[in-house]
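Residue-level structural notes
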Amino acid sequence: MKACDEALPGLIDVYDRDNLNTFVSLYFDGRDEHFIAHREKVIQCLLTPDELKNFVKTMETIQAYLKKNKPGNYAIFASDKNNFFKALSFPVTVKNSLSVDVSPYIHQIAELADEWQAYTLVLLNSNHAKIFSFSCGELSTQDALSADIMNKHKKGGMSQARFQRLRKGSIHAFLTEVVEALQKIAQENIILAGPGETKKQFRGMLPIQLQKGVIAEVDVSIDDTCGLVDETKEIIREKSKERHRQLLDIIKSEILKNGLAVYGVKETLAAVRNGQVEALLVEKDVKQKGWVCESCHLLGTGIVSQCPSCGKNISEVDIIEELVKLAERTGAIVGFSQDELLQKIGPVVGLLRFK
Ligand SMILES: [Zn+2]
C-alpha cells in the first residue's frame, strides 16, 4: 500500500467514461484543517448537479477514511460514481491539493516515486546480516540471518592454520546464504553497510548483475546503526539527482546535434503521444495552462475556445499533469528536477527512442 511506484499503474488508466468531473484527488499533510473545507466550498460552486452529487458523496467517504486513520501524509483518489477508492500514506510531507477531474491527479505521486525509489539495505558482519527493503522512503520489509561462526580465538589442540581455514570456510558459507537471500528480493539500488572488510568480500561474491546494482557502501558498526537509515535516504536522493543530471547531459548533447531529443511543451507533448519518448524530465513544481477536448480527447497548450480538430467543447487542464500521465502510460521513465539547465530549456525535455 505504501509503495508510490507500485501505485502508479493502478491510477494512470482510470478515467470517467462519461467525461464527468468525478475523480477527486486529495493530497493532504494532515495538518491544515481549513484547507479541505476551503477547497470543497469553491469546487462545489463550479460542478454540474450530477458532478456535485458525486463530489459530496466521495468527500464523505474520504473524510470517513481520514477520521478512521491517524493523522499523516495521504494521497487519496476516489470517485463514488466509479466505485473507486485508493489511499496511500507517505513518510514524507505532501503538498496539500484537492482537485476534481475526469481522472486522478498523479503528478505528485510520480514525483514522490521518482524521488524515493525503492532500495535495499544490507547490514552485515561475518556472522549477522539484516536485509531491509525501503519503498517510498519507508521501511517495508526486513529479514535477519545469522550464523554460528567460530570466534577469533582457537580452541586448544587445533593448529592456527587449520582454525583459520575452518573459520574462513564458515564465514564464506554464511555470506553465500546472505547472497541467496538478497538475490530473491533485489536487483538494483542496493546499499551495503557494516564494519570492515566483510562487506567487500560479500560484494565480490555477488553475481555480476547484483554487483552492478550496488550503489553505495557505508562503514558502520553493526551495533550502532543510529543515523544509518537517514544516511541511506540521503544516498538515494543524491542518486536520483545524479540520474537526472546524466539524463540532462545526454539530452543536451542530443539537442546540440539535433538528434534524439525534444524540448518545449507542445513538441514534447506530440512526441509523447507518438510513443517516441523514452525518458521525460519535468521541472519541479511547474504548471501550465492547456486544454483537453471533451469529445476526441485531443490535448493542447495555451487557450482555445473549442477543439481545433472536432469543434467540440474543451476543458481547461494543467498540461504538465496530462503530459506526465501520458508519459507514464507509454512506459516512459519520468523524472522531476530543479536543475538550472532544465529551468532554462524546460519546463519539459525528452530523450527520444526514435525520430
Ligand atoms: Zn476534439
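Above this text you will find the structure in question.
The following refers to the structure shown. This structure is a prediction, so every number in the text was calculated from the model and none was measured. (Residues numbered from 1 in each chain as written. Predicted model: local features only at pLDDT ≥ 70, side-chain atom pairs only at ≥ 80, totals over all residues. Heavy atoms only, no water.)

1. Observations concerning the coordination of the zinc ion
In this structure, Cys 293 (SG), Cys 296 (SG), Cys 307 (SG) and Cys 310 (SG) serve as the protein donors to the zinc ion, at separations of 2.2 to 2.3 Å. Taken together, the 4 donor atoms surrounding the zinc ion define angles of 100 to 121° at the centre, an arrangement classified as tetrahedral. In primary-sequence terms, the residues that donate to the zinc ion follow C-x2-C-x10-C-x2-C. Since its relative accessible area comes to 1%, Cys 293 is described here as buried. (Donors = N, O, S within 2.8 Å, 3.2 Å for Na, K, Ca; no water. Tetrahedral: all angles 85-135°; square planar, octahedral: opposite > 155°, others 65-115°. Buried < 20%, exposed > 50% of the residue type's maximum accessible area, 1.4 Å probe, protein only.)

2. A few points about the packing of aromatic side chains
For the structure on display, the rule yields 6 aromatic pairs. Between Tyr 65 and Phe 85, the aromatic rings sit 5.4 Å apart at their centres with planes inclined by 55°, giving tilted as the arrangement. Taken together, the residues Tyr 65 in helix H4 (residues 49-68) and Phe 85 in strand E3 (residues 84-90) connect sequence positions 20 residues apart. When its relative accessible area of 14% is taken as the criterion, Tyr 65 is described as buried. Judged by its relative accessible area of 36%, Phe 85 is partly exposed. Seen from their ring centres, Tyr 119 and Phe 134 are 4.7 Å apart, and the 5° between their planes marks the pair as stacked. Residue Tyr 119 is found in strand E5 (residues 119-124), and its partner Phe 134 is found in strand E6 (residues 128-135); the two are separated by 15 residues along the sequence. In terms of burial, Tyr 119 and Phe 134 fall into one category: buried. Here a set of aromatic residues connected by ring pairs shows up, and it is made of Tyr 65, Tyr 74 and Phe 85. (Phe/Tyr/Trp six-rings, centres within 6.5 Å; stacked < 30°, edge-to-face > 60°. Helix = DSSP H or I, 4+ residues; strand = E, 2+ residues; numbered from the N terminus.)

3. Quick notes on the nonpolar core
The biggest cluster of nonpolar side chains holds 44 residues, and the ones touching the most others in it are Phe 77, Phe 90, Ile 109, Val 277, Leu 280 and Val 282. The element contributing the most residues to this core is helix H11 (residues 319-329), with 6 residues. Taken domain by domain, this core gets at least three of its residues from each of domain 1 (1-105) and domain 3 (240-355). Ignoring anything within four residues of it in the chain, the contact list for Phe 77 reads Leu 11, Val 24, Ser 25, Tyr 27, Phe 84, Phe 85, Lys 86, Leu 88, Pro 104, Tyr 105 and Ile 109. Counting 20 residues, the second largest nonpolar core, distinct from the first, contains Ala 129, Val 179, Phe 202 and Leu 206. (Core = buried A, V, L, I, M, F, W, Y, C linked by side-chain atoms within 4.5 Å. Domains from an automatic or database assignment. Contact = heavy atoms within 4.5 Å.)

4. Remarks on helix H10 (residues 265-273)
Taken as a whole, H10 has its buried residues at Val 265, Thr 268, Leu 269, Ala 271 and Val 272. The buried residues of H10 occupy an angular sector of 165° when projected down its axis, which confines them to one face. Against strand E10 (261-263), strand E11 (277-283), strand E13 (299-301), H11 and strand E16 (348-352) lie the buried residues of H10. Positioned one or two residues after H10, Gly 275 has a phi angle of 70°, which is positive. (Arc of directions from axis to C-beta.)

5. Examining the pattern of salt bridges
Any two side chains of opposite charge can pair if their charged atoms end up close together. For the structure shown, the criterion picks out 15 salt bridges. Between Arg 203 and Glu 217 there is a salt bridge, and its shortest N-O distance comes to 2.7 Å. A residue pair is termed long-range when its members are at least 10 positions apart, and Arg 203 in helix H7 (residues 198-205) and Glu 217 in strand E9 (residues 214-219) qualify at 14 residues. For the salt bridge of Lys 241 with Glu 238, the shortest nitrogen-to-oxygen distance reads 3.7 Å. Taken together, the residues span about one helical turn, with Lys 241 and Glu 238 both in helix H9 (residues 228-256) at a distance of 3 residues. (Salt bridge = Lys/Arg side-chain N within 4 Å of Asp/Glu carboxyl O.)

6. Observations concerning the sheet that holds strand E1 (residues 23-28)
Pairing is antiparallel across the open sheet formed by 4 strands, whose spatial order is E3-E2-E1-E4. Either end of the sheet is taken by a strand with one partner, and the two such strands are E3 and strand E4 (97-101). Within this sheet the neighbouring strands show an average axis-to-axis angle of 10°, counted without direction. Taken together, the 5 bridges between E1 and strand E2 (residues 73-79) define a ladder with antiparallel strand orientation. Along E2, the bridge assignment pairs Val 24 with Ala 78. Taken strand by strand, H4 contacts E1, E2, E3 and E4, and its axis lies near 145° from that of E2. (Pairing = 2+ DSSP bridges. Axes fitted to C-alpha atoms, helices over the stretch in contact; angles between N-to-C directions.)

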